Amino acid sequence: MAAIIEIDNLTHRFADGTVGLDGITLEIEAGGFVVIAGANGSGKTTLLRHLNGLLLPTAGSVRVAGVCVKKHPLQARVLVGMVFQDADSQIVGETVRDEVAFGPENLRLDRGEIDRRVREALAATGLMHLADKRPHLLSGGEKRRLTIAGILAMQPRVIVFDEPFANLDYPGVRHVLDQMIRQHRAGCTIIVTTHDLDKVLAHADRLIFMRGGRIEGDGPPPVLIARAESCGVRSPRAMHLGLEALSWLN
Amino acid sequence: MAELTAFAYRPGTSMLHRLDVRMKLALVAAASLIALQLGFSGLGPMALSLMVVAARCPRSLRIETSELRWIGLLLAFVFSARVLSADGTTVLSILALDITREGLRAGALVSLRLALVFLIGTLLMGTTRSSEIKTAVQWFLKPLPFVSAERVGTMLGLLVRFIPVIFEEVSQASDAQRARAVEYRRNPLQRAVKLGVPIMSRIFKRSDQLALAMEARCYSEFRTQPLLKAGFKDWAIFIPGCLWLATLLAV
């Protein structure tokens, strides 16, 4: 499969001189399900924000579906949808429906197309019955589904989840996992950053460890998982017992 | 307080719900200004006509009792301030305060006017999505030079979205401080600073994150706007509405 994301020697230095990313070179295949794990401050979020041009490289390059992110950040943001860690900070609409329509409206689509995409996204995330509700009245899990719906309405080819399970209860985690798997089956490339492998590793086909802004390990989860603890990440409980990672959807 | 039911939109199919939002805003603005000018002879008919309109969309006027208390307090404060500040024939003296007939009349007048304006506002907010209000405001601002109507519209939309979030932040910060016995601090200014600084910090951080999230979804001022279409039915309500308001003003 062709690579949809190509990162070449990516370095990012913050204004205070801290090196956030240090010479990252990485390719992600279209249709993959990649988990990027690492302790807090390892550079996971910094890396994700280079995929849609929210951060620009100090050195190196990032291309998404052949598009140079630095030169065409708007195009990159259409290709890469990002679900942020804090749902409240991401939701801008006054109602659930308005929130989902926000992205397609920014793309200047005609009203008929916007309404169609909103209906589909709400149906896909099970939020149709909440369309007129105000976002601050939703539960944590519903807010997370709403942010996903908002991204789905833009029909990205890559969906990036930044710590998607933070502050979610068990049903909320299952809903988010379910959405990830559905979109993956529909052909989206899924990238998830987390330090909690237990919830998602069973579904990933690739695992990347990061530490200090660098990639410490990259490969199939069963092979790489042995290095989890040394990278500041707890490996899934089942694997401590010599079993395969268990899905939270079973 | 994050959920002020008095100003919450309630979906419906009443005449007010379906009225073109620009006409609704124009009528509301005119009615509010006229209400502030009316005497007792005009306030009665206006109140009656508003009750008739409200009766046709009753769900829009569902206000929690606890909020009525605050509204009542505000009106009582305005009434008292007016009563105690007007000169005239004294009808009652309490301690050093004289309550005059003219003061009572003026207090009743201003309180009634405010109550009507509140009722008009509640009818508007109960029957109109804030996104529609935003679009209508943009439409009105469009002809003005040097004013970015789209930017004003976005600011309005974000304000409506984030007022409940800000109240939540205040509530959380306040609870966290009370859990650490902040009430033992007697100095109210100190307590205000201890509360205000972390809240402002959190709000600004949220704003940064919000800006990033909007950028991530390709936000720009030039985006598809909701459709605004006024038909015969809208004009059939708007024109009689304007005539009625003009009549009230003439009376």
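Just so it is clear, the model here is predicted, and its values are computed rather than measured. (Residues numbered from 1 in each chain as written. Chains lettered and ligands numbered in written order. Predicted model: local features only at pLDDT ≥ 70, side-chain atom pairs only at ≥ 80, totals over all residues. Heavy atoms only, no water.)

> Account for the overall build of chain A, with residues named and values stated.
When helices and strands are tallied, chain A shows nine helices and 10 strands. C-alpha extents for chain A along the principal axes are approximately 50 × 45 × 40 Å. Sequence-distant contacts, at least 24 apart, represent 65% of the contacts inside chain A between residues at least 6 apart. For chain A, the accessible area works out to roughly 10,300 Å², and carbon and sulfur atoms hold 49% of it. (Helix = DSSP H or I, 4+ residues; strand = E, 2+ residues; numbered from the N terminus. Contact = heavy atoms within 4.5 Å. Areas by Shrake-Rupley, 256 points an atom, 1.4 Å probe, with all protein chains shown as cover.)

> Lay out the packing of aromatic side chains with the relevant residues and their values.
All names here are of chain B. Per the stated rule, a full pass over the model turns up four aromatic pairs over all chains. Ring geometry for Trp235 and Phe238: centres 5.8 Å apart, planes at 80°, overall edge-to-face. Here Trp235 pairs with Phe238, and both are found in helix α9 (residues 232-250), just three residues apart, close to one helical turn. Given a relative accessible area of 43%, Trp235 falls into the partly exposed group. Just above the ring of Trp139 sits the side chain of Arg22; from NZ or CZ to the centre is 4.8 Å. (Phe/Tyr/Trp six-rings, centres within 6.5 Å; stacked < 30°, edge-to-face > 60°. Buried < 20%, exposed > 50% of the residue type's maximum accessible area, 1.4 Å probe, protein only. Lys NZ or Arg CZ within 6 Å of the ring centre and 35° of its normal.)

> Describe the side chain of Ser42 of chain A, listing the residues and the values that go with them.
Residues and elements named next belong to chain A. Its location among the elements puts Ser42 in the loop between β3 (33-37) and α1 (44-51). Relative accessible area serves as the criterion here: at 4%, Ser42 is assigned to the buried category. Engagement of the side chain of Ser42 in a polar contact is seen with the backbone oxygen of Ala39, the distance being 2.8 Å. Non-local contacts of Ser42, meaning those with residues more than four positions away in its chain, are made with Met210, Arg211, Gly212, Gly213 and Arg214. (Polar contact = N/O pair within 3.5 Å; in protein donor to acceptor, adjacent residues only side chain to side chain.)

> An account of the interface of chain B and chain A is needed here, citing residue identities and associated values.
Each side of the interface is counted separately: chain B has 33 residues, and chain A has 37 residues. Both sides of the chain B and chain A interface together cover about 3,000 Å² of buried area, and 50% of this is carbon and sulfur. Counting the contacts that link chain B with chain A gives four salt bridges. Ionic pairing is found between Arg223 of chain B and Glu105 of chain A, a salt bridge with its closest N-O pair at 3.1 Å. Where chain B touches chain A, the interface holds 12 residue pairs in polar contact (both at pLDDT 80 or more). Where the side of chain B that touches chain A is concerned, the elements lending two or more residues are α6 (130-141), α7 (149-178) and α8 (188-216) of chain B. (Buried area = accessible area lost by both parts, 1.4 Å probe. Salt bridge = Lys/Arg side-chain N within 4 Å of Asp/Glu carboxyl O.)

> Would you mind going over the environment of Ile94 of chain B in detail, with residue names and values included?
Residue and element names in this part refer to chain B. Structurally, Ile94 is set in strand β1 (residues 90-94). Judged by relative accessible area, Ile94 falls into the partly exposed class, the value being 43%. Along the primary structure Ile94 and Pro143 are separated by 49 residues, whereas in three dimensions their C-alpha atoms are 55 Å apart.

> Which residues make up the nonpolar core, and what values go with them?
Residues and elements named next belong to chain A. Within the largest apolar cluster, 47 residues are counted, with the highest numbers of intra-cluster contacts made by Met180, Leu197, Leu207 and Phe209. Secondary structure elements with two or more residues in this core: β3, α4 (96-106), α5 (111-124), α6 (140-152), β7 (158-162), α7 (170-185), β8 (189-194) and β9 (206-211). When near neighbours in sequence (up to four residues on either side) are disregarded, Phe209 contacts Ala37, Leu197, Arg214, Ile215, Glu216, Gly217, Leu224, Arg227, Ala228, Cys231 and Val233. Ranked by size, the runner-up nonpolar core spans 31 residues in total, among them Ile5, Leu51, Leu54 and Val64. (Core = buried A, V, L, I, M, F, W, Y, C linked by side-chain atoms within 4.5 Å.)

> How would you sum up a negative patch on the surface? Please name residues and give values.
The grouping of Asp8, Glu27, Glu29 and Asp205 of chain A at the surface amounts to a negative patch. One can find Glu27 of chain A in strand β2 (residues 19-29). (Patch = residues over 30% accessible without salt bridge, like charges linked within 9 Å, V, L, I, M, F, W, Y side chains within 5 Å. Lys, Arg positive; Asp, Glu negative; His and termini not counted. Charge placed at Lys NZ, Arg CZ, Asp CG, Glu CD.)

> Could you give an account of the sheet that holds β2 of chain A, with specific residues and numbers?
All names here are of chain A. One open sheet holds the four strands; their spatial order is β2-β1-β4-β5, and the pairing between them is antiparallel. Across the chains shown, the open sheet's two edge strands, defined by having one partner strand only, are β2 and β5 (67-68). As defined by bridge partners, strand β1 (residues 3-13) adjoins β2 across seven bridges and the pair is classed as antiparallel. Residue pairing in the sheet places Arg13 in a bridge with Val19 of β2. Relative to β1, α1 is tilted by about 120°, and along the sheet it contacts β1, β2 and β4 (59-64). (Pairing = 2+ DSSP bridges. Axes fitted to C-alpha atoms, helices over the stretch in contact; angles between N-to-C directions.)

> How would you sum up the pattern of salt bridges? Please name residues and give values.
Residues and elements named next belong to chain B. A complete count under the given rule lists 23 salt bridges over all chains for this structure. A salt bridge links Glu221 to Arg151; the shortest N-O distance between them is 2.4 Å. Of this pair, Glu221 sits in the loop between α8 and α9 while Arg151 sits in helix α7, placing them 70 residues apart in sequence. Glu221 gets classed as buried once you look at its relative accessible area, which sits at 17%. The salt bridge partner of Arg178 is Asp175, with a shortest N-O separation of 3.3 Å. With a gap of three residues between them, Arg178 and Asp175 both fall in helix α7, about one helical turn apart. Judged by its relative accessible area of 46%, Arg178 falls in the partly exposed class.

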